[in-house]
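So you can see what is in the structure, the chains are spelled out below.
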Amino acid sequence: MLIPVPARDSDPSEVAVSRAVLSREHTVVFATPDGAQATCDEIMVTGEGLDLWSRVPGLRKLTALGRVLRADEAARAAHRALLEDPAWRAPIRWADIELDSFDGLLLPGGHRARGMREYLESPVLQGVVVDAFRRDLPVAAICHGVLLAARSLDPGTGRSVLYGRTTTALNWQLERTAWRLARRTRFWDPDYYRTYREEPGQPEGFMSVQQEVTRALARPEDFRDTADRVQASGRARDRLDDARPAFVVEDGNYVSARWPGDVHTFAKTFAKRFQAG
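Residues numbered from 1 in each chain as written. Predicted model: local features only at pLDDT ≥ 70, side-chain atom pairs only at ≥ 80, totals over all residues. Heavy atoms only, no water.

## Comments concerning the overall build of the protein chain
- Per the secondary structure count, the protein chain includes 12 helices and 11 strands.
- Looking at the protein chain as a whole, 55% of its 277 residues qualify as buried.
- For the protein chain, long-range pairs separated by at least 24 residues make up 73% of all intrachain contacts whose partners lie at least 6 apart in sequence. (Helix = DSSP H or I, 4+ residues; strand = E, 2+ residues; numbered from the N terminus. Buried < 20%, exposed > 50% of the residue type's maximum accessible area, 1.4 Å probe, protein only. Contact = heavy atoms within 4.5 Å.)

Rendered as structure tokens:
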């Protein structure tokens, strides 16, 4: 099982929980740009840096909004285990990926532009994604990982590998809510939650994950979202024993999900698809 990640700022829940679930029955291999150990987004691990007082000496560890938005207890435990995993400590390079050696590909997300843009804009990774879809390899993508898939254009068709498929991803409601909250409290870095911002003349949300992914699809309705109040709220996260808050979309060998609140169900769903493959 291959999980490529950026050098820094991947989402700790989406990486660590996916690894914890999949590694029960599968060998997980990580890939980074240069083959060096990556680091997840520490703000999402600790919650430190998301409150108004975060820059005041001695108050950084006092979290309020950060405690709500950070990885939950299960994900933080999974992240601690991730740091001890030899596979995490010794990844391969993106350029050395050979899909003949793998039976599945999982694309986690993350939102911080500082580290994520290299991942989302990588021609090497986009080529890997195209190859995986051509092989009908089981592929899973969550949050901004779906954006990487959407940007992966098959040279044979000139279209995204997601064209003609159904998918979900981080929706604008969730992205906008986190952005609006953190831009007030993390005022020195107001776009922490926006990987890409709109250019002059573009409407708000044009560069959101949902809208960019939707533009890559055959039909706007191929982007799937939920009207379920619990799933749509952004306040409830799933657990290994509780899939109720999760929203996951399956389309053949492709599995997608929206955000860290879906990750346990997302990884379990993919593990079953991988076994079937």
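Here the narrative resumes, following the displayed structure.
## Here's the deal with the packing of aromatic side chains
- Counted under the stated rule, the structure contains six aromatic pairs.
- Geometrically, the ring pair formed by Phe30 and Trp88 is edge-to-face, given 4.9 Å between the ring centres and 90° between the ring planes. Highlighted residues: Phe30 in strand β3 (residues 29-32) and Trp88 in helix α5 (residues 86-89), separated in sequence by 58 residues. With respect to burial, Phe30 and Trp88 carry one shared label: buried.
- Where Trp172 meets Trp179, the ring centres are 6.3 Å apart and the plane angle is 35°; that geometry is what we call tilted. There is no split in this pair, since Trp172 and Trp179 are both buried.
- Between Arg215 and the ring centre of Phe206, over which it is positioned, the NZ or CZ distance is 3.8 Å. (Phe/Tyr/Trp six-rings, centres within 6.5 Å; stacked < 30°, edge-to-face > 60°. Lys NZ or Arg CZ within 6 Å of the ring centre and 35° of its normal.)

## Regarding the pattern of salt bridges
- Across all of its chains, the model carries 25 salt bridges by this definition.
- Between Arg135 and Asp131 there is a salt bridge, with its nearest N and O atoms 3.1 Å apart.
- Residues Asp222 and Arg219 are paired through a salt bridge, measuring 2.8 Å at the closest nitrogen-oxygen approach.
- Judged by its relative accessible area of 41%, Arg219 falls in the partly exposed class.
- Three or more residues joined by partner-sharing salt bridges are found here, namely Glu175, Asp191, Arg194, Arg197 and Glu198. (Salt bridge = Lys/Arg side-chain N within 4 Å of Asp/Glu carboxyl O.)

## Structural notes on the environment of His144
- Considering the arrangement of structural elements, one finds His144 in helix α8 (residues 144-150).
- Looking at His144, the relative accessible area reads 1%, which means it is buried.
- Considered as a pair, His144 and Arg186 are 42 residues apart in the sequence and their alpha carbons are 21 Å apart.
- Here His144 is in contact with Gly109, Gly110, His111, Met116, Leu120, Leu170, Thr195 and Val209, once residues within four sequence places are set aside.
- At a separation of 3.1 Å, a polar atom in the side chain of His144 contacts the main-chain carbonyl oxygen of Gly110. (Polar contact = N/O pair within 3.5 Å; in protein donor to acceptor, adjacent residues only side chain to side chain.)

## Quick notes on the environment of Arg239
- On the secondary structure map, Arg239 appears in the loop between α11 (229-232) and β10 (248-251).
- Note on Arg239: relative accessible area 45%, which makes it partly exposed.
- Distance in space between the C-alpha atoms of Arg239 and Gly261 is 8.4 Å, their sequence separation being 22 residues.
- A polar side-chain atom of Arg239 sits 3.0 Å from a polar atom in the side chain of Asp241.

## Observations concerning helix α7 (residues 123-134)
- Taking 1.5 Å per residue, 12 residues should reach 16 Å; α7 reaches 16 Å between its end C-alpha atoms and fits that length.
- Within the span of α7, buried status applies to Leu125, Gln126, Val128, Val129, Val130, Ala132 and Phe133.
- Positive phi shows up at Asp136, right after α7, with a value of about 60°. (Expected span 1.5 Å × (residues − 1).)

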